[in-house]
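Remarks on the overall topology
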Amino acid sequence: MDVIRVALAGRGYDVTIEPGLLGDLSRKAETSLASYREGRKIPFVADSNTHQQFGESVDATLRSSGYRAEWFVVEPGEGAKSWPVLERLTDWLLDLGVTRSDHVFALGGGVVGDLTGFACAVTKRGCGFVQIPTTLLAQVDSSVGGKTAINTRAGKNLIGAFHQPSAVLIDPQVLDTLPDREMRAGYAEVLKYGLLGDAEFFAWLEASGDKVLAREPEALAHAIATSIRAKARIVAEDERETSGVRALLNLGHTFGHALEAETGFSDRLLHGEAVALGMVLAARYSARRGEMPAEEAERAAHAIAAAGLPSEISGLSLDCDGRQLADHMRHDKKMEGGTLPFLLLKAIGTAYLARDVEFADIAAFLDQELQRSETVSA
Ligand code: GLY
């Protein structure tokens, strides 16, 4: 078992990583369950896949300790992060009589965590919640740090709140049944921590990433814990992304977001795959600006390709040019006074925020990348 503290004044919480944790939930979540001792139903939110997969065993472990779960089940996919679902969920929480000192349990990936967290941020002006992430991406990124949101007509995650969970409970064993494509997409965020701030971890991933992807318990636990330690440090330093430190976590996300927008936020390109491509582009663009050697950028691209992640945007067969891709970035919520701060690299393990990037230069760079043949191979 590994316990990592997210040290926030007055609102700090533990992230517990333990194989098999889900089967022992009533003990692992003892503090968060305390207010339900008198027999009230415990609100659990899940999507239909996660509910089908884990619902019965969660019910059984809770029942054996005298607790009773009540489930709010949403359709899988981003569609659940919407006003109508949020309205149904908050009404349901109020009908259940949830109070500010209760905890709502989010069992699932990023969609369930983001939706539940936002519902808890606004229910009675803020009630507690516990994240039980069931994808690698949610375990190493979205469940930690308190970013909660829904999507609207204007874009993804534009309506939301910072609302920290009271605890994050991670069972790496639940990843045994995660589809390989989703595992790789989550692994992109693991690589991100190495690229942005930990060259040693990046080198370890180059050597042992295949073991992580194969879910070898020791390697997987090390990758998850190292990623969360990095995220906990960054969130403790800059909880609300105001000083530029937390912005480092957006490495690859600005380029990636443009690719997601161009592919319609669809299964054609999963979020983690877009981040992987975005990190290759950020590395190559840094090399184009002379800020890091081209060989280092290709080393990053190679690690991404070696994990079976996309590393060349020419492989996406997009029907657009660099200017159209750059135009998607103008809608980014990080735009400030007509410019967009970009996460770039000085070296593997050293990311920084550049505020002098011109959209025209990005468009010209992307035109080149769209023409590039697939040279990086696993
Ligand atoms: N996923 C980026 C962050 O939590 O800040």
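Up top you'll find the structure we're talking about.
All values reported here derive from a predicted model rather than from experimental measurement.

Thresholds applied
Residues numbered from 1 in each chain as written. Predicted model: local features only at pLDDT ≥ 70, side-chain atom pairs only at ≥ 80, totals over all residues. Heavy atoms only, no water. 1 Å grid on protein atoms, 1.4 Å probe; cavity = no way out; pocket = protein on both sides within 12 Å on 5 of 7 lines; lining within 4 Å. Points joined across faces, edges and corners; volume = space filled by probe spheres on them. Helix = DSSP H or I, 4+ residues; strand = E, 2+ residues; numbered from the N terminus. Salt bridge = Lys/Arg side-chain N within 4 Å of Asp/Glu carboxyl O. Near = heavy atom within 4 Å. Polar contact = N/O pair within 3.5 Å; in protein donor to acceptor, adjacent residues only side chain to side chain. Areas by Shrake-Rupley, 256 points an atom, 1.4 Å probe, with all protein chains shown as cover. Nonpolar A, V, L, I, M, F, W, Y, C, P; charged D, E, K, R; others polar. Expected span 1.5 Å × (residues − 1). Buried < 20%, exposed > 50% of the residue type's maximum accessible area, 1.4 Å probe, protein only. Arc of directions from axis to C-beta. Phe/Tyr/Trp six-rings, centres within 6.5 Å; stacked < 30°, edge-to-face > 60°.

To continue, consider the layout of surface pockets. Of the pockets and cavities examined, the second largest pocket occupies roughly 290 Å³. Residue lining of the second largest pocket: 17 residues in total, with Asp14, Thr16, Lys28, Thr31 and Ala167 positioned closest to the centre. Those elements giving two or more residues to the lining of the second largest pocket turn out to be strand 1 (2–6), strand 2 (13–17), helix 2 (30–33) and strand 9 (167–170).

What follows is about the pattern of salt bridges. Counted according to the given criterion, the structure contains 28 salt bridges. Among the salt bridges present, the one from lysine 156 reaches glutamate 78, with a minimum N-O distance of 3.8 Å. With a gap of 78 residues between them, lysine 156 in strand 8 (residues 155–162) and glutamate 78 in the loop between strand 4 (69–74) and helix 4 (83–95) connect regions that are remote in the sequence. With a shortest N-O distance of 2.8 Å, glutamate 369 and arginine 284 are connected by a salt bridge.

The next point concerns the site of the ligand. Close to the ligand lie Asp141, Lys147, Lys231, Glu241, Arg246 and Leu249, which account for all nearby residues. Lysine 147 places a side-chain nitrogen or oxygen 2.9 Å from an oxygen atom of the ligand. Between the ligand and lysine 231, the relevant distance is 2.5 Å, taken from an oxygen atom to a side-chain nitrogen or oxygen of the residue. For the ligand, whose accessible area on its own is 200 Å², the fraction buried by protein is 89%. Of the residues contributing to the shell around the ligand, the split by class is one nonpolar, no polar and five charged.

In a regular helix each residue adds 1.5 Å, so 13 residues correspond to 18 Å; helix 14 (residues 359–371) covers 19 Å between its end C-alpha atoms and thus fits that length. Among the residues making up helix 14, those that are buried are Phe359, Ile362, Ala363, Phe365, Leu366, Glu369 and Leu370. Looking straight down helix 14, one finds that the buried residues subtend no more than 165 degrees of arc, so they occupy a single side. Those residues of helix 14 that are exposed and angled more than 90 degrees off the buried face are Ala360 and Gln371.

On to the packing of aromatic side chains, then. This model, assessed by the stated rule, comprises eight aromatic pairs. Pairing phenylalanine 72 with tryptophan 92 gives two aromatic rings, centres 5.3 Å apart and planes at 50 degrees, and the pair type is tilted. With phenylalanine 72 in strand 4 and tryptophan 92 in helix 4, this pair connects stretches of sequence that are 20 residues apart. As far as the burial class goes, phenylalanine 72 and tryptophan 92 line up, both buried. Taking the centre distance of 6.1 Å and the plane angle of 65 degrees together, the rings of phenylalanine 255 and phenylalanine 365 count as edge-to-face. Here phenylalanine 365 lies in helix 14 and phenylalanine 255 lies in helix 10 (residues 253–262), a separation of 110 residues in the sequence. Just as phenylalanine 255 is buried, phenylalanine 365 falls in that class too.

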